[in-house]
Amino acid sequence: AREDSVHNSYTSATITYAFFNTEDKLFQNANVRRAFMLGIDREEINEICFSGLRVPTYGWVVPTISVGDTNYREAAGDMIREMLDELKANGQTPKDLLLKGMEELGLGDDPATLKVTFNLAGTDEWFRTLGEYLQQIYKTELGVNLEINFAEWGIFYDNVTKGNYQIGFMGWGAYYNDPYDVLSLFMSDYDAIETGWKNAEYDELIRKASVEMDEATRLQYYKDAETILIKDEAVVSPLATSGVNQFVRKYVHN
């Protein structure tokens, strides 16, 4: 940065994520979803697919969102990192979760026999690179032969709304500074992200949080809800949030 300018760097309120069709024959299983969530190295995908320009994300609520004066992400912790640490402590890998899910579904014990398609909303070189990376990482980590369905946005989203997909990839930007903005997207009567997932306990926590005046209690409601969404059910797989670099000349005011 020039001596007459100030450089500010911070994360934005946007998030890039994968999401699962919980009504699909394979992805109805939470252990299968956990395997695909934890099988992605968020640091690596940031370097390879986002040129290192984004910030790896380990929870659904983006790091810029607060509850009152408390930063939500700092208070709630990095849930996906905690899941990875617990898996490692148990001497397991994401593939073990996949095998457990396959056993629960009666699908045998060979991930190579699974038919898994990842839908991407683009056909240009960037999406091709992303698709190749996803195929490579899931083959290495899970032993799955992933197929990629490239389509323009209109076709992609039509398939998503009709439930004609297994895994999708999108982005979302928060409109205001409260976890409700992004956590309410998964309430049963909301159709912003078409996962087919419904959970009465989750709905009730979000509803209670939306009217709770005590900040500590509200934060706990949101944390409990996000724990269901990420740790218990693995409905969505947050990957990265955007970084913002801002340069301001010291002599420019107002």
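In case you missed it, the structure is sitting above this.
Residues numbered from 1 in each chain as written. Predicted model: local features only at pLDDT ≥ 70, side-chain atom pairs only at ≥ 80, totals over all residues. Heavy atoms only, no water.

Engineer: Can you walk me through the pairing of strand S6 (residues 146-150) in this structure?
Structural biologist: Successive side chains on a regular strand alternate, one facing one side of the sheet and the next facing the other. Summarising the sheet, strand S5 (residues 116-120) and S6 pair through five bridges and their orientation is parallel. Bridge assignment links Phe-118 to a residue of S6, and that residue is Ile-148. What joins S5 to S6 is helix H6 (residues 125-142), and the crossover it makes is right-handed. (Pairing = 2+ DSSP bridges. Helix = DSSP H or I, 4+ residues; strand = E, 2+ residues; numbered from the N terminus. Right-handed = clockwise from strand over helix to strand, strands pointing away.)

Engineer: Is there a simple way to explain the nonpolar core in this structure?
Structural biologist: The nonpolar side chains of soluble globular proteins are, as a tendency, buried together. Of all hydrophobic cores here, the largest spans 77 residues; its most connected members are Phe-36, Trp-60, Phe-118, Leu-134, Phe-186, Tyr-202 and Leu-229. Other than its neighbours up to four places away in sequence, Leu-229 contacts Trp-60, Leu-183, Phe-186, Trp-197, Tyr-202, Ala-234, Val-235 and Val-236. (Core = buried A, V, L, I, M, F, W, Y, C linked by side-chain atoms within 4.5 Å. Buried < 20%, exposed > 50% of the residue type's maximum accessible area, 1.4 Å probe, protein only. Contact = heavy atoms within 4.5 Å.)

Engineer: Any chance you could explain the pattern of salt bridges here in plain terms?
Structural biologist: Note that side chains of opposite charge can pair when their charged atoms are close. Overall, the coordinates contain eight salt bridges when judged by the stated rule. Between Asp-158 and Lys-162 there is a salt bridge; the shortest N-O distance is 3.1 Å. Classification of Asp-158 as partly exposed rests on a relative accessible area of 35%. (Salt bridge = Lys/Arg side-chain N within 4 Å of Asp/Glu carboxyl O.)

Engineer: What exactly am I supposed to notice about the side chain of Arg-33 here?
Structural biologist: Within the fold, Arg-33 resides in helix H1 (residues 30-38). A relative accessible area of 2% means that Arg-33 is categorised as buried. Only 2.7 Å separates the side chain of Arg-33 from the backbone oxygen of Phe-27, close enough to count as a polar contact. Residues within four places of Arg-33 in sequence aside, it is in contact with Phe-20, Thr-22, Phe-27, Gln-28, Glu-233, Ala-234 and Val-235. (Polar contact = N/O pair within 3.5 Å; in protein donor to acceptor, adjacent residues only side chain to side chain.)

Engineer: Help me out: how do you make sense of the environment of Ile-167 in this one?
Structural biologist: Note that Ile-167 resides in strand S7 (residues 167-173). With a relative accessible area of 0%, Ile-167 lands in the buried category. With 69 residues separating them along the chain, Ile-167 and Val-236 place their C-alpha atoms 9.5 Å apart.

Engineer: Explanation requested: the pairing of S5 in the structure shown.
Structural biologist: With respect to burial, S5 is a largely interior element, five of its five residues being buried. Burial along S5 is two-sided: the residues Val-116, Phe-118 and Leu-120 and Thr-117 and Asn-119 are all buried. Relative to S7, S5 runs parallel, the two sharing two bridges. Along S7, the bridge assignment pairs Asn-119 with Gly-168.

Engineer: Which parts of the structure should I look at to understand a negative patch on the surface?
Structural biologist: A cluster of acidic residues, Asp-41, Glu-43, Glu-44, Glu-47 and Glu-141, forms a negative patch on the protein surface. The greatest single-element share of the negative patch, amounting to three residues, is contributed by helix H2 (residues 42-49). As for its position among the elements, Glu-43 is in helix H2. (Patch = residues over 30% accessible without salt bridge, like charges linked within 9 Å, V, L, I, M, F, W, Y side chains within 5 Å. Areas by Shrake-Rupley, 256 points an atom, 1.4 Å probe, with all protein chains shown as cover. Lys, Arg positive; Asp, Glu negative; His and termini not counted. Charge placed at Lys NZ, Arg CZ, Asp CG, Glu CD.)

Engineer: What am I meant to see in the packing of aromatic side chains here?
Structural biologist: Any two aromatic rings considered together are summarised by their centre-to-centre distance and by the angle between their planes. Tallied over the full model, the rule gives 13 aromatic pairs. With a centroid separation of 5.3 Å and 55 degrees between ring planes, the pair formed by Phe-19 and Tyr-165 is classed as tilted. On the criterion of sequence distance, the pair formed by Phe-19 in strand S1 (residues 5-20) and Tyr-165 in the loop between helix H7 (153-161) and S7 is long-range, its members being 146 residues apart. Classification of Phe-19 by relative accessible area gives buried; the value is 0%. With centroids separated by 5.6 Å and ring planes inclined at 5 degrees, the aromatic side chains of Phe-20 and Phe-27 adopt a geometry described as stacked. On the accessibility criterion, Phe-27 (0% relative accessible area) is buried. Taken together, the aromatic side chains of Tyr-17, Phe-19, Trp-60, Tyr-165 and Phe-186 make up a single cluster linked through ring pairs. Taking NZ or CZ as reference, Arg-81 lies 3.9 Å from the ring centre of Tyr-58, over its face. A cation over a ring is seen here: Arg-128 above Phe-150, with NZ or CZ 4.0 Å from the ring centre. (Phe/Tyr/Trp six-rings, centres within 6.5 Å; stacked < 30°, edge-to-face > 60°. Lys NZ or Arg CZ within 6 Å of the ring centre and 35° of its normal.)

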